[in-house]
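Residues per chain, in single letters:
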Amino acid sequence: MATEFHNLQELRHSASLANKVFIQRDYTEGTICRFQTKFPSELESRIERSLFEDTVKTLNNYYAEAEKIGGQSYLEGCLACTTAYLIFLCMETRYEKVLKKISRYIQEQNEKIYAPRGLLITDPIDRGMRVIEISIYEDRGSSGSSSGSSSTTSSSGR
Amino acid sequence: MKNCEYQQIDPQALPTPTPTPTPTPTPPSQPCPEKTKKQQRKWEIFPGKNRFYCDGRIIIARQSGVFPLTLGIILITSGLFFIFDCPFLVKHLTSGIPVIGGVLVVFVVISLLQTSFTDPGILPRATPEEAADIEKQIDNPGSSSSSSSYRPPPRTKEIVINQQVVKLKYCFTCKIFRPPRTSHCSLCDNCVERFDHHCPWVGNCVGKRNYRFFYCFIVSLSFLTAFIFGCVTTHLALRSQSGTGLVDALQDSPASAIELVVCFFSVWSILGLSGFHTYLVASNLTTNEDIKGSWSGKSGSEDTGNPYSHNSIFKNCCVVLCGPMPPSLIDRRGYVPEDSLPNATVEIQLPAAKNDVNVVGKVPSQGL
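Residues numbered from 1 in each chain as written. Chains lettered and ligands numbered in written order. Predicted model: local features only at pLDDT ≥ 70, side-chain atom pairs only at ≥ 80, totals over all residues. Heavy atoms only, no water.

Some thoughts on the sheet that holds strand S6 (residues 176-177) of chain B
Residue and element names in this part refer to chain B.
(1) Moving on: Strand order in the open sheet made by the 3 strands is S4-S5-S6, with antiparallel pairing throughout. Two strands in the sheet have a free side with no partner beyond their single neighbour: strand S4 (156-161) and S6.
(2) Moving on: Strand direction decides the pairing type here: strand S5 (residues 164-171) and S6, joined by 2 bridges, are antiparallel. Residue pairing in the sheet places Cys 171 in a bridge with Ile 176 of S6. (Pairing = 2+ DSSP bridges. Helix = DSSP H or I, 4+ residues; strand = E, 2+ residues; numbered from the N terminus.)

What follows is the structure in structure tokens.
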């Protein structure tokens, strides 16, 4: 795994960034976090439509899980209210837990699917949850792209 | 916490590049200043008009308004209450009074501090590539050609939410299309999600992330002012009954007079505000939307209703007050990525990230 990261970083710095595609938010269901599943034309030659749509749909499901309003979130909210919300200083909220899951998923997707095709997904939390940024690299190297993941962007999502 | 994950990855990822800095003697002069330059945290270069304390942990609007006054009035009035009224009331009534008062004061102060010092839901500004992409999308559909000389008319995008047409406006400062219910606060110069209003008393915007704290603050403050008002009135009444009249009672306990005046004027406004916000919470509206009359049926037709409401008072309250707490999007304490490096091919041999963050430009290409 370490070598895979190492290889991806080499790829990033030997490949040149050709373009960036931004997948915008889908607001048809209100203000919840959802991304459009429309396949961008720039990616047509790089990745299969079904893989891309799977990724976006899985991300949408994760976000829906984070923002789900149900028993657990009410419990969390009421408990927080009784402690004058001080509990947020000590406890990790459910949303943050899901965000961690999301970043692991994106890393895994980058390693397995996107980096071999010269693409890189940026975690939406690093872009203010506005877009999913997909960087398209033109591989200048002769040997094929190696897998790896994006350990690049910074965030702590708090 | 997410930083910790990346810290685990990087040391594994960069064992090999670190020994290789030696073969390139020319750039060292370049990386040296960067190596010794302290890495900046993102809050230090934050473009909005905010102030940060405790190394980015605390955020407040630059114009803190009358926040110190608010805190001062609350603490002083409560202090006077505990010092001058409580002893009498404990003797004559019950010792539960300072306890209740104490709990209320603690609640009020904590929720006030949380409202003021929490990120209200600020949207970070668009990266240059994002902004360019949006511009491209706007200019493409054959809009007005001469856009260089004057500012083009406000750009809007229409979307449909719950069978209702909602217009998204383009924010020229942040260079994004504002999500629904987001508004740009001119005092803080930020787009804030679910923007309610900018409260000068609290010294911060009230938005998605701190609305529940704000609501908790005004509700507990109304209880506190009503409680103090009632106790002080009782105190003066008891004193004037057992003594020689109201005027003498006031002379005996002048602090009570001050508290009475403060509470009398506050209780109406705070109670009114609490009532208003309870109405907003129950209908899942924001002050901004209510004032602008966004959903109040301009044409009088049934179609213009609030598309965000769950059509149940209980559910609206639960969603607004007990919904999941969204994370802060501005990542105040993250480190600024070193994107200043010109392009990826230049082999600037910087040391491996002493912090977790961006390892761009640190790895030499090895014949890939």
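A closer look at the sheet that holds strand S1 (residues 16-24) of chain A
Residues and elements named next belong to chain A.
(1) Moving on: The 3 strands are arranged S1-S3-S2 in an open sheet whose pairing can be described as antiparallel. Because the sheet does not close on itself, it has two edges, and the strands there are S1 and strand S2 (119-122). Neighbour to neighbour, the strand axes of the sheet diverge by 25° on average, direction disregarded.
(2) Moving on: By the bridge criterion, 8 bridges tie S1 to strand S3 (residues 131-138) in an arrangement that is antiparallel. By the bridge assignment, Phe 22 is partnered in S3 with Glu 133. (Axes fitted to C-alpha atoms, helices over the stretch in contact; angles between N-to-C directions.)

Overview of the confidence of the model for chain A
Residue and element names in this part refer to chain A.
(1) Moving on: When the pLDDT values of chain A are averaged, the result is 79; 78% of them are 70 or greater.
(2) Moving on: The secondary structure element of chain A with the lowest average pLDDT is helix H1 (residues 2-14), at 56, and the one with the highest is helix H2 (residues 49-66), at 91.
(3) Moving on: When the criterion is pLDDT under 50, residues 142-158 qualifies, and its contacts beyond four places in sequence or with other chains add up to 72 contacts. (pLDDT = per-residue confidence, 0-100. Contact = heavy atoms within 4.5 Å.)

Examining the UniProt feature "domain: Golgin subfamily A member 7/ERF4" (unreviewed entry) in chain A
(1) Moving on: Listed under "domain: Golgin subfamily A member 7/ERF4" (unreviewed entry) in the UniProt record, and renumbered for this structure, are residues 21-133 of chain A.
(2) Moving on: Counting secondary structure, residues 21-133 of chain A comes out at 49% helix and 10% strand; the distance between its end C-alpha atoms is 6 Å. (UniProt positions renumbered as here; feature names shortened; annotations may be inferred.)

Considering the packing of helix H6 (residues 211-242) of chain B against helix H8 (residues 254-283) of chain B
Residues and elements named next belong to chain B.
(1) Moving on: It is the contact of H6 with H8, at a shortest axis distance of 8 Å, that shows an interaxial angle of 145°. When the axes of H6 and H8 are compared, the crossing they make is left-handed.
(2) Moving on: Grouping the amino acids of the contact of H6 with H8 by side-chain chemistry returns 20 nonpolar, 9 polar and 1 charged. (Left-handed = near helix turned anticlockwise from the far one by under 90°. Nonpolar A, V, L, I, M, F, W, Y, C, P; charged D, E, K, R; others polar.)

What about the pattern of salt bridges?
(1) Moving on: The full count for this structure, using the stated rule, is 15 salt bridges over all chains.
(2) Moving on: In this structure, Lys112(A) engages Glu108(A) in a salt bridge whose closest nitrogen and oxygen atoms are separated by 3.4 Å. Taken together, the residues Lys112(A) and Glu108(A), both in helix H5 (residues 94-114) and 4 residues apart, mark about one turn of the helix.
(3) Moving on: The class for Glu108(A) is partly exposed, based on a relative accessible area of 33%.
(4) Moving on: Each of Lys20(A), Arg127(A), Glu133(A) and Glu129(B) takes part in salt bridges that share partners, so that together they form one network. (Salt bridge = Lys/Arg side-chain N within 4 Å of Asp/Glu carboxyl O. Buried < 20%, exposed > 50% of the residue type's maximum accessible area, 1.4 Å probe, protein only.)

Notes on the pairing of strand S2 (residues 58-61) of chain B
All names here are of chain B.
(1) Moving on: Where strand S1 (residues 50-53) meets S2, 4 bridges bridge the pair, whose relative direction is antiparallel. Of the residues in S2, the one forming a bridge with Asn 50 is Ala 61.
(2) Moving on: Hairpin connection from S1 to S2: 4 residues lie between these consecutive antiparallel strands, with Cys 54 at a positive phi of about 55°.

A look at the nonpolar core
(1) Moving on: Counting residues in hydrophobic clusters, the biggest one holds 44 residues, and the most contacted among them are Ile74(B), Phe81(B), Phe217(B) and Leu224(B).
(2) Moving on: Those elements that provide at least two residues to this core are helix H3 (67-92), helix H4 (96-117), S4, S5, H6, H8 and helix H10 (313-322) of chain B.
(3) Moving on: Take this core: its biggest share by element is 12 residues, from H6(B).
(4) Moving on: Every residue in contact with Ile74(B), bar those within four places of it in the chain, is listed here: Val108(B), Val109(B), Leu112(B), Phe217(B), Leu221(B) and Leu224(B).
(5) Moving on: Counting residues in hydrophobic clusters, the runner-up holds 36 residues, among them Phe39(A), Ile102(A), Met129(A) and Ala131(B). (Core = buried A, V, L, I, M, F, W, Y, C linked by side-chain atoms within 4.5 Å.)

Details of the packing of aromatic side chains
Centre distance and the angle of the planes are the two values used to describe a pair of aromatic rings.
Residues and elements named next belong to chain B.
(1) Moving on: In the structure shown here, the tally under the stated rule is 14 aromatic pairs over all chains.
(2) Moving on: An aromatic cluster is present here, built from Phe 229, Phe 264, Phe 265 and Trp 268 joined pairwise through their rings.
(3) Moving on: The positively charged end of Lys 157 is found above the aromatic ring belonging to Phe 177, 4.7 Å away from the centroid.
(4) Moving on: When the ring centre of Tyr 211 is taken as reference, the NZ or CZ atom of Arg 194 above it lies at 5.4 Å. (Phe/Tyr/Trp six-rings, centres within 6.5 Å; stacked < 30°, edge-to-face > 60°. Lys NZ or Arg CZ within 6 Å of the ring centre and 35° of its normal.)

Focus: the environment of Ile100(B)
(1) Moving on: Mapped onto the elements of the fold, Ile100(B) is located in helix H4.
(2) Moving on: Note: C-alpha distance between Ile100(B) and Phe227(B) (127 residues apart in sequence) is 8.9 Å.

Considering the UniProt feature "domain: Palmitoyltransferase DHHC" (unreviewed entry) in chain B
(1) Moving on: What UniProt calls "domain: Palmitoyltransferase DHHC" (unreviewed entry) maps, in this numbering, to residues 167-292 of chain B.
(2) Moving on: The distance from the first to the last C-alpha atom of residues 167-292 of chain B is 14 Å, and the span holds 60% helix and 15% strand.

Here's the deal with the packing of H3(B) against H6(B)
Residue and element names in this part refer to chain B.
(1) Moving on: Here H3 crosses H6 at 40°, and the two axes come no closer than 10 Å. As summarised for this structure, H3 and H6 are arranged oblique, according to the angle between their axes. Where H3 crosses over H6, the handedness of that crossing is left-handed. When H3 is examined against H6, the residues Thr 70, Ile 74, Ser 78, Phe 81, Phe 84, Asp 85, Phe 88, Leu 89 and His 92 are found in contact with a partner set consisting of Phe 217, Leu 221, Leu 224, Phe 227, Ile 228, Cys 231, Val 232, Thr 234, His 235, Leu 238 and Arg 239.
(2) Moving on: Counted by class, the contact of H3 with H6 contains 13 nonpolar, 5 polar and 2 charged residues. (Parallel < 35°, antiparallel > 145°, perpendicular 65-115°, else oblique.)

Remarks on the UniProt feature "transmembrane region" (unreviewed entry) in chain B
Residue and element names in this part refer to chain B.
(1) Moving on: As recorded in UniProt, the sites labelled "transmembrane region" (unreviewed entry) are residues 66-84, 96-113, 213-238 and 258-282.
(2) Moving on: Helix makes up 100% of residues 96-113 and strand 0%. Its end C-alpha atoms lie 26 Å apart.
(3) Moving on: In the segment residues 258-282, helix accounts for 100% and strand for 0%; the C-alpha atoms at its two ends are 35 Å apart.

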